[in-house]
2 protein chains.
Amino acid sequence: MSLPFHLSQRARQTAEPPISYFMEQAVGNPGLISLAAGLVDGASLPADDVRGAVEQILRDPARAREALQYGTTQGYAPLREKILANLLALDHVSRRDLDATPDDVVVTTGSQQLLYLLGELLFDPGDIVITEAPSYFVYHGILASLGVRTLAVPMDQDGMSTDALDELLQQLERAGELGRVRLVYTVDYFQNPSGLSLSRERRRQLLDIVQRFSKQQRIFILEDAAYRELRYEGDDAPSIKSLDAGNQHVILTMTFSKPLSPGLKTGYGLLPRDLVGPLLRFKGNHDFGSSNFNQHVLDQLLANGVYDRHVEELRGAYRRKRDIFVAALREEFPASTGMRFANPEGGMYVWLTCPEGLDTGLKSPFMKACIKEGVLYVPGECCYVGNGATPCMEARLCFGVATPEELREAARRLGRAARAVGLPRRSLPRAAGCRA
Amino acid sequence: MSLPFHLSQRARQTAEPPISYFMEQAVGNPGLISLAAGLVDGASLPADDVRGAVEQILRDPARAREALQYGTTQGYAPLREKILANLLALDHVSRRDLDATPDDVVVTTGSQQLLYLLGELLFDPGDIVITEAPSYFVYHGILASLGVRTLAVPMDQDGMSTDALDELLQQLERAGELGRVRLVYTVDYFQNPSGLSLSRERRRQLLDIVQRFSKQQRIFILEDAAYRELRYEGDDAPSIKSLDAGNQHVILTMTFSKPLSPGLKTGYGLLPRDLVGPLLRFKGNHDFGSSNFNQHVLDQLLANGVYDRHVEELRGAYRRKRDIFVAALREEFPASTGMRFANPEGGMYVWLTCPEGLDTGLKSPFMKACIKEGVLYVPGECCYVGNGATPCMEARLCFGVATPEELREAARRLGRAARAVGLPRRSLPRAAGCRA
């Protein structure tokens, strides 16, 4: 007989993250073409480069000893130097411009761990976090687990609506709740899931708003720039961090998972200096440092230029896949079908909006038809949280992991599934489609 | 001007772990011989073996893709198979004896992460955890951060006193607090810090007590067997887990850090089945899986027998170091000095008890003298928490990381430091020493 046991309050509000389901579907189901899991392109994974880096480290007895031994909680110092240099180069700024040093960089077990640590550090139950609608659903899981009240601000083609953010903060201030607002979370380059980026103007506006409403205490911006380096066209925009001259408001997080290898599970953050110590106390309790070996491997790949070369190649590979996928979707879903999607400038996601009546939810006929056809996506409804409406006719399609041929086939399967649930091959004009 | 910001309740009760200080002293201070940090023997780190395993994985395109891609939250399935097989082999039991499968194994970022995740999962503020006195101080840091009330049970030569545990649980029951007791934490092989092991008889008794007091709800035993494989003499004792026929009470945690390489930062747990799902929900939020690449490397090292061979060699290396260190300590501190220490049967620690009057605390004259001489230890006072007295004249001496020559020199420095603060070269009989 099994005895009951006590689960913590936090455990009772911690749900199964949807990503586990999708990743396991993808890992365990080779017949299925998964556009759901945010895995990366397998053909691009840098096997030879990593092997070369490991050789160089482990053939040198002194380096081998260092890499296979414990490291520090904050992360390998030479790697933190190179991370900072990479961030500064992306923004064409100097250390002095940002008032940043390698001691403001923290290396974590993927950027996910940094998101979690920050939550533990900054949020008490009932505190308020503002995200974008839609937003990265895995982060929503963290917020729910921590008992945070999550509010969302709509997006348009320029990313998070700063007008709506301003309005929301005014409302909160009037309600006496401004003091509970801890941070604004934005995935500001090729957002997961929408593929949208925050415009240059809005970056400055977002920082201004947050500074303006930091009255009794500081409101942070958590800038999740995981996809920044995966731009396929258009001009790069400066990070919000690079505009934060006093290094007070913006926590910038990035990762080596997307531009290099998720298997090495290493992310990092550039933080306001007074957050670093308190954050490391948590990280000390979690693991007193992420894999030191992997950090040495990454340091080697950054030192010898392999990382830059790899990211350049990867951009080419993803750009080709994006082009193939978007062309195949256009083939299946001409504008007349009422299906809408943009050509993302970077990242790994195409955000599909179906005509009214074509629901994409987890239990929708369309989802069932897709699984029957052998293609998987993330329902848009998973990406909304908190206040406001939850649209039920969107889908996140990841073109990162499937091969070009699989992407063409996935588009065909999506087309067949959509037609199986009533989407005409060439639908009536949109107004008519909405009435269906 | 720096604006204040809100720290969570948990952050406010999260202290700097003492281990960070000691590890940074060791990493950053090459002149010092550190017996404080629990680093491992550098000369034994398996550089060639890891290089070979990486070669084998990354030269095979299919394996390379798998290893460099995301893994699962629970851990690489073939590795979990081998971990379970290793645990069963150590205890000479079958899967059926334990009612255990690879799905009951969770792979974590060192065993430290498992300790943290379990705390988040099981403890609310004010809940009670029972540890040994002394115990692993890093775990105390986790408990404090989670707001747990920590009670400690004294140890003797047979490990945790089960009589004292029984008495404590009776007291708690009488006080109506039994329902707040979540688990009993034991480092049951060559304990960090004392080097003591739980006797065979006590293992059974401990499980019986916990079962007996699991009245309204289950009390767990968290069996931290990090050092089990590092036995240098004497017979192995069965894990408490192997006695837990219903697989309900014992959470067993071990690590690849001590017997192989801390740089790969991989630990694991074998859990009662109904804990696995809730635990993985937390791990999903933390990182959705520890480094997949490192798990593939470890899987390869277990598959080809390298792991077993390495552990065997490591036992030899540590046994020699222990013998050298204990002999050097005997040389410096003959029994007549009143200094006491046992010859540990395994693990990495010698527990030194000084005669009365010779304090070892962080701010003691002895600590200052040691730093001046160039040797560092962990004060015993760091290893006590909660109820009961905190002895101030003990020291944890790790012989894991220093070379044989450094260990001899460290003993000489300890001797000089002790004499500098008044320990006579040949002290008076103990009674007299206590009066000093």
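Residues numbered from 1 in each chain as written. Chains lettered and ligands numbered in written order. Predicted model: local features only at pLDDT ≥ 70, side-chain atom pairs only at ≥ 80, totals over all residues.

Asker: Please explain the overall build of chain A as it appears in this structure.
Answerer: Scanning chain A from N- to C-terminus turns up 17 helices and 14 strands. A globule of 436 residues ought to have a C-alpha radius of gyration of about 22 Å, and chain A, at 22 Å, matches this closely. Seen along its three principal axes, the alpha-carbon backbone of chain A occupies a region of about 65 × 65 × 60 Å. Looking at chain A residue by residue over its 436 residues, the buried ones come to 58%. Within chain A, contacts between residues at least 6 apart in sequence are counted, and of these 75% link residues at least 24 apart. (Helix = DSSP H or I, 4+ residues; strand = E, 2+ residues; numbered from the N terminus. Rg over C-alpha atoms; globule rule 2.2 N^0.38 Å. Buried ≥ 20, exposed ≤ 12 C-beta atoms within 10 Å, placed from the backbone. Contact = placed C-beta atoms within 7 Å.)

Asker: Help me understand the sheet that holds strand S10 (residues 349-353) of chain B, please; the structure alone is not making it clear to me.
Answerer: Sheets are built from strands paired through backbone hydrogen bonds, the pairs being either parallel or antiparallel. Residues and elements named next belong to chain B. Pairing is antiparallel across the open sheet formed by 3 strands, whose spatial order is S10-S13-S12. In this open sheet, the two edge strands, each paired with only one partner strand, are S10 and strand S12 (378-379). Two elements, S10 and strand S13 (residues 394-398), share 5 bridges in a ladder whose sense is antiparallel. In the strand pairing of S13, Leu352 is matched with Ala395. (Pairing = 2+ DSSP bridges.)

Asker: Please clarify how the interface of chain B and chain A should be interpreted in this entry.
Answerer: Accessible area lost upon the coming together of the parts serves often as the stated size of an interface. Listed per partner, the contact involves 75 residues of chain B and 75 residues of chain A. Going through the elements one at a time, helix H1 (9-12), helix H2 (18-28), helix H3 (47-58), helix H4 (61-68), helix H7 (110-122), helix H8 (137-145), helix H11 (273-286) and helix H12 (292-303) of chain B are the ones with two or more residues in the side of chain B that touches chain A. Of the residues belonging to the side of chain B that touches chain A, the class tally is 33 nonpolar, 28 polar and 14 charged. (Nonpolar A, V, L, I, M, F, W, Y, C, P; charged D, E, K, R; others polar.)

Asker: Before we go on, may I ask you to explain the sheet that holds strand S3 (residues 128-133) of chain A in this structure?
Answerer: Reading across the sheet, the 8 strands line up as S2-S9-S8-S7-S6-S3-S4-S5 (chain A) and stay open at both edges, with mixed pairing between neighbours. The sheet terminates laterally at strand S2 (105-108) and strand S5 (159-160) of chain A, the two strands that pair on one side only.

Asker: Looking at this structure, I do not really get the packing of H7(B) against H11(B). What am I missing?
Answerer: Helix-helix packing is characterised by the crossing angle of the two axes and by the distance between the axes. Residue and element names in this part refer to chain B. It is the contact of H7 with H11, at a shortest axis distance of 10 Å, that shows an interaxial angle of 115 degrees. By the angle between their axes, H7 is roughly perpendicular relative to H11. Relative to H11, H7 is oriented so that their crossing is right-handed. Between H7, through Leu117, Leu118, Glu120 and Leu121, and H11, the contact on the second element is made entirely by Pro278, Leu279, Phe282 and Lys283. The residue inventory of the contact of H7 with H11, partitioned by class, reads 6 nonpolar, no polar and 2 charged. (Axes fitted to C-alpha atoms, helices over the stretch in contact; angles between N-to-C directions. Parallel < 35°, antiparallel > 145°, perpendicular 65-115°, else oblique. Left-handed = near helix turned anticlockwise from the far one by under 90°.)

Asker: Looking at this structure, how should I read the relation of the copies chain B and chain A?
Answerer: In summary, the two copies of the chain are related to each other by a rotation about an axis coupled with a shift along it. Mapping chain B onto chain A is achieved by rotating through 180 degrees and translating by 0.0 Å along the same axis, at an RMSD of 0.0 Å. The superposition operator between the copies reduces to a two-fold rotation axis. (Least-squares fit on C-alpha atoms with pLDDT ≥ 70 in both.)

Asker: What is the right way to look at the environment of Arg319(A) in this model?
Answerer: Within the fold, Arg319(A) resides in helix H14 (residues 306-332). Between the C-alpha atoms of Arg319(A) and Gly347(A), which are 28 residues apart in sequence, the distance is 9.2 Å.

Asker: How should I be thinking about the environment of Asp224(A) in this particular structure?
Answerer: Residue and element names in this part refer to chain A. Mapped onto the elements, Asp224 comes out in strand S7 (residues 220-224). Classification of Asp224 as buried rests on a count of 26 C-beta atoms within 10 Å. A sequence separation of 45 residues divides Asp224 from Gly269, and the C-alpha atoms of the two residues are 9.2 Å apart. Apart from residues lying up to four places away in sequence, Asp224 is in contact with Ser111, Tyr136, Tyr185, Thr186, Val187 and Thr253.

Asker: I tried to follow unusual backbone geometry on my own but got confused; where do I start?
Answerer: Note: most residues except glycine have negative phi, and most peptide bonds are trans. The omega angle of the peptide bond from Ala133(A) to Pro134(A) is 5 degrees, so this bond is cis rather than trans. Looking at the element boundaries, Pro134(A) is found in the loop between S3 and helix H8 (137-145). Across the junction of Asn192(A) and Pro193(A), the peptide omega takes the value 20 degrees, indicating a cis bond. Residues other than glycine seldom take positive phi values, yet His92(B) does so here, at roughly 55 degrees. With respect to the secondary-structure elements, His92(B) resides in the loop between helix H5 (77-91) and helix H6 (95-98). The exposure class of His92(B) is exposed, given the 10 C-beta atoms found within 10 Å. Of note, the phi angle at Asp99(B) is positive, near 50 degrees, even though the residue is not glycine. Considering the arrangement of structural elements, one finds Asp99(B) in the loop between H6 and strand S2 (105-108).

Asker: Could you clarify how one ought to interpret the domain arrangement of chain A in this entry?
Answerer: All names here are of chain A. As assigned here, chain A comprises domain 1 (10-39 + 309-435) and domain 2 (47-304). The C-alpha-based centres of domain 1 and domain 2 are spaced at 26 Å. Taken together, the contact between domain 1 and domain 2 spans 34 residues of the former and 31 residues of the latter. Looking at the side of domain 1 that touches domain 2, the elements that each hand over two or more residues are helix H2 (18-28), H14 and strand S11 (349-353). Ranked by the residues each element gives to the side of domain 1 that touches domain 2, the list is headed by H14, at 7 residues. By residue class, the composition of the side of domain 1 that touches domain 2 is 18 nonpolar, 10 polar and 6 charged. (Domains from an automatic or database assignment.)

Asker: I'm lost on the pairing of S2(A) in this one. Help?
Answerer: The side chains of a regular strand alternate, first on one face of the sheet and then on the other. Residue and element names in this part refer to chain A. Of the two faces of S2, the one holding Val105 and Val107 and the one holding Val106 and Thr108 are both buried throughout. In this sheet, strand S9 (residues 267-270) lies alongside S2 in antiparallel orientation, the contact comprising 4 bridges. Of the residues in S9, the one forming a bridge with Val105 is Leu270.

Asker: Explain the confidence of the model for chain A here, please?
Answerer: Where the model shows low pLDDT, its predicted coordinates should not be examined in detail. Residues and elements named next belong to chain A. Mean pLDDT for chain A: 93, with 94% of residues reaching 70 or above. Low confidence marks residues 428-436, where pLDDT is under 50. Its contacts with residues over four positions away, or in another chain, come to 10 contacts. The ipTM assigned to the predicted complex is 0.94, against a pTM of 0.95. (pLDDT = per-residue confidence, 0-100.)

Asker: Looking at this model, I keep getting lost on helix H3 (residues 47-58) of chain A. Mind explaining?
Answerer: In an α-helix, one turn spans 3.6 residues; hence positions three or four apart end up facing the same way. Here H3(A) contains 12 residues, and its C-alpha end-to-end distance of 16 Å stays within 8% of the 16 Å for a straight helix at 1.5 Å per residue. Those residues of H3(A) not exposed but buried are Ala47(A), Asp49(A), Val50(A), Ala53(A), Val54(A), Ile57(A) and Leu58(A). The buried side chains of H3(A) occupy one side of the element, clustering within an arc of 165 degrees when seen end-on. Buried residues along H3(A) sit in contact with helix H4 (61-68), helix H13 (292-303) and H14 of chain A together with H3 and H4 of chain B. (Expected span 1.5 Å × (residues − 1). Arc of directions from axis to C-beta.)

Asker: Whenever I open this one, helix H13 (residues 306-332) of chain B confuses me. Can you help?
Answerer: All names here are of chain B. Taking 1.5 Å per residue, 27 residues should reach 39 Å; H13 reaches 39 Å between its end C-alpha atoms and fits that length. Those residues of H13 that sit buried are Tyr307, Leu314, Tyr318, Lys321, Arg322, Phe325, Ala328, Leu329 and Glu332. Elements in contact with the buried residues of H13: H12, S10 and helix H15 (404-420).

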